[in-house]
Amino acid sequence: MQKRIAFIINPISGTADKKRLPTMIQEMFTEGWDATIVETEYAGHGKELASKFAQEGYDVVVACGGDGTMNEVASSLVHTETAFAIVPYGSGNGLARHLGFSMHPREALAQILNGKEHVIDSGLANGKRFFCTCGTGFDAHISHSFSAEGKRGFWTYLKVVLREYLKYKPGSYRLVGPSFSLRRRAFLITFANAAQWGNMAYIAPHASTKDGLLDICILSTFPIYSAPLLAYRLFRKTFDRSRHVTALTSREVTLIRDKAGEFHIDGDPIMMDAEIKVEVDPLSLKVRI
């Protein structure tokens, strides 16, 4: 019996050319597979398409794009029998990297073709689904600033970070969980289901997508001379060892800030309330790799 697999391609995500992708899919997914290939046409279309494929009983739905496409597609597959997979084409590809998907399209397709199914956690922030990270502070501010840039890619992201760093003002936050309550003036707060933001920047190096917990990273205010070491630690998987970082784990936490404002969900900018409940949804998404 043939397996049905759908590939949802975002034609404008990232910087890489996707023109060869449909041909690669058709060449590789032949015997034993019935492959459908569609392109997204507007924001939110990936979520609609994935929901339709899940309702029709497809075995696998593949997001071919960046973290935004990944989030749209995966959000429609939670608590279904349809497995999720990724052919990464984004700027960061945080979840794809965490799960071990190759950054080379043909290799990622081979991983899907020969893969096995696993089940991973997802998260919710005031009901908004995330799979990699969400948060507030500087990373959320950068998400909003980056989205306004005309060009995508790592170097554009780095330019935005350097430009915004010196003028960014940290905020005051309260975090309340089942076993803790604390206040911090923080540069950023990240809630992590997976270990990295993307581009191998490990904000929560010990995070697991299968442990039923969120890893919470609080970066307090820090002197400018500490920035190079913090950046080094981010890419060496030792960020949580910095004296400026508080690392916690919890199945849920409520973030309370002075006012509604910038937030990000899997790197995509969003405005959210002053009070945000963040919680894990254990083993809620099938993935194939």
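Bear in mind that the values here come from a model prediction, so they are computed numbers and not experimental data.

Procedures and definitions
Residues numbered from 1 in each chain as written. Predicted model: local features only at pLDDT ≥ 70, side-chain atom pairs only at ≥ 80, totals over all residues. Heavy atoms only, no water. Helix = DSSP H or I, 4+ residues; strand = E, 2+ residues; numbered from the N terminus. Rg over C-alpha atoms; globule rule 2.2 N^0.38 Å. Contact = heavy atoms within 4.5 Å. Areas by Shrake-Rupley, 256 points an atom, 1.4 Å probe, with all protein chains shown as cover. Phe/Tyr/Trp six-rings, centres within 6.5 Å; stacked < 30°, edge-to-face > 60°. Buried < 20%, exposed > 50% of the residue type's maximum accessible area, 1.4 Å probe, protein only. Lys NZ or Arg CZ within 6 Å of the ring centre and 35° of its normal. Axes fitted to C-alpha atoms, helices over the stretch in contact; angles between N-to-C directions. Left-handed = near helix turned anticlockwise from the far one by under 90°. Salt bridge = Lys/Arg side-chain N within 4 Å of Asp/Glu carboxyl O. Patch = residues over 30% accessible without salt bridge, like charges linked within 9 Å, V, L, I, M, F, W, Y side chains within 5 Å. Pairing = 2+ DSSP bridges.

Per the secondary structure count, the chain includes eight helices and 15 strands. A globule of 289 residues ought to have a C-alpha radius of gyration of about 19 Å, and the chain, at 19 Å, matches this closely. Residue pairs at least 24 apart in sequence account for 70% of intrachain contacts in the chain once pairs closer than 6 positions are excluded. Accessible area of the chain: about 13,300 Å², with a carbon and sulfur share of 52%.

Further remarks concern the packing of aromatic side chains. In this description, a pair of aromatic rings is defined by centroid distance and the angle of the planes. Applying the stated criterion to the full structure yields ten aromatic pairs. Pairing Phe 138 with Tyr 165 gives two aromatic rings, centres 6.4 Å apart and planes at 85°, and the pair type is edge-to-face. Placement of the pair is Phe 138 in helix H6 (residues 138-147) and Tyr 165 in helix H7 (residues 154-165), with a sequence separation of 27 residues. With a centroid separation of 5.1 Å and an interplanar angle of 70°, the aromatic rings of Phe 187 and Phe 222 are classed as edge-to-face. With Phe 187 in strand S9 (residues 180-192) and Phe 222 in the loop between strand S10 (214-220) and helix H8 (227-235), this pair connects stretches of sequence that are 35 residues apart. The burial state of Phe 187 is the same as that of Phe 222; both residues are buried. Taken together, the ring pairs in this structure connect Phe 138, Tyr 165, Tyr 168, Phe 187 and Phe 222 into an aromatic cluster. The ring centre of Tyr 58 lies 4.5 Å from the NZ or CZ of Arg 4, which sits over that ring. Residue placement shows Lys 237 over the ring face of Tyr 202; its charged tip is 4.7 Å from the ring centre.

Time to look at the side chain of His 144. Within the fold, His 144 resides in helix H6. Of the residues examined, His 144 reaches a relative accessible area of 17% and is grouped as buried. Those residues within four positions of His 144 in sequence are excluded, and the remaining contacts are Glu 262, Phe 263, Pro 269, Ile 270 and Met 271.

Between two packed helices, the angle of one axis relative to the other and the distance separating the axes together describe the packing. The contact between helix H1 (residues 21-28) and helix H5 (residues 105-113) brings their axes to 11 Å, and the two run at 35°. Crossing geometry of H1 relative to H5 is assigned as right-handed. Of H5, the residues touching H1 (which contributes Leu 21, Met 24, Ile 25, Glu 27 and Met 28) are Pro 105, Arg 106, Leu 109, Ala 110 and Leu 113.

The next point concerns the pattern of salt bridges. Counting across every chain of the model gives five salt bridges. Linking Arg 106 and Glu 27 is a salt bridge whose minimum nitrogen-to-oxygen distance equals 3.7 Å. With Arg 106 in helix H5 and Glu 27 in helix H1, this pair connects stretches of sequence that are 79 residues apart. Take Arg 106: its relative accessible area is 38%, and that puts it in the partly exposed class. Between Glu 117 and Lys 286 there is a salt bridge, and its shortest N-O distance comes to 3.8 Å. Of this pair, Glu 117 sits in strand S5 (residues 117-125) while Lys 286 sits in strand S15 (residues 275-288); the two residues are 169 residues apart in sequence, bridging distant segments of the chain. Counted as one network, the salt bridges with shared partners bring together Glu 81, Glu 117 and Lys 286.

On to the environment of Asn 114, then. Considering the arrangement of structural elements, one finds Asn 114 in the loop between H5 and S5. In this structure Asn 114 comes out as exposed when scored by relative accessible area, which is 60%. Linking Asn 114 and Arg 251, residues 137 residues apart in sequence, is a C-alpha distance of 33 Å.

This part takes up a nonpolar patch on the surface. On the surface, a nonpolar cluster with roughly 400 Å² of combined accessible area is contributed by Leu 166, Ile 224 and Tyr 225. Its place among the elements puts Tyr 225 in the loop between S10 and H8. The exposure class assigned to Tyr 225 is exposed, which follows from its relative accessible area of 63%.

Summarising the sheet, S5 and S15 pair through eight bridges and their orientation is antiparallel. Its bridge partner lying in S15, His 118 is registered against Val 287. Where S5 and strand S6 (residues 128-130) come together, three bridges link them in antiparallel fashion. Paired with Leu 124 across the strands is Arg 129, a residue of S6.

Just distances and angles here, no functional claims.
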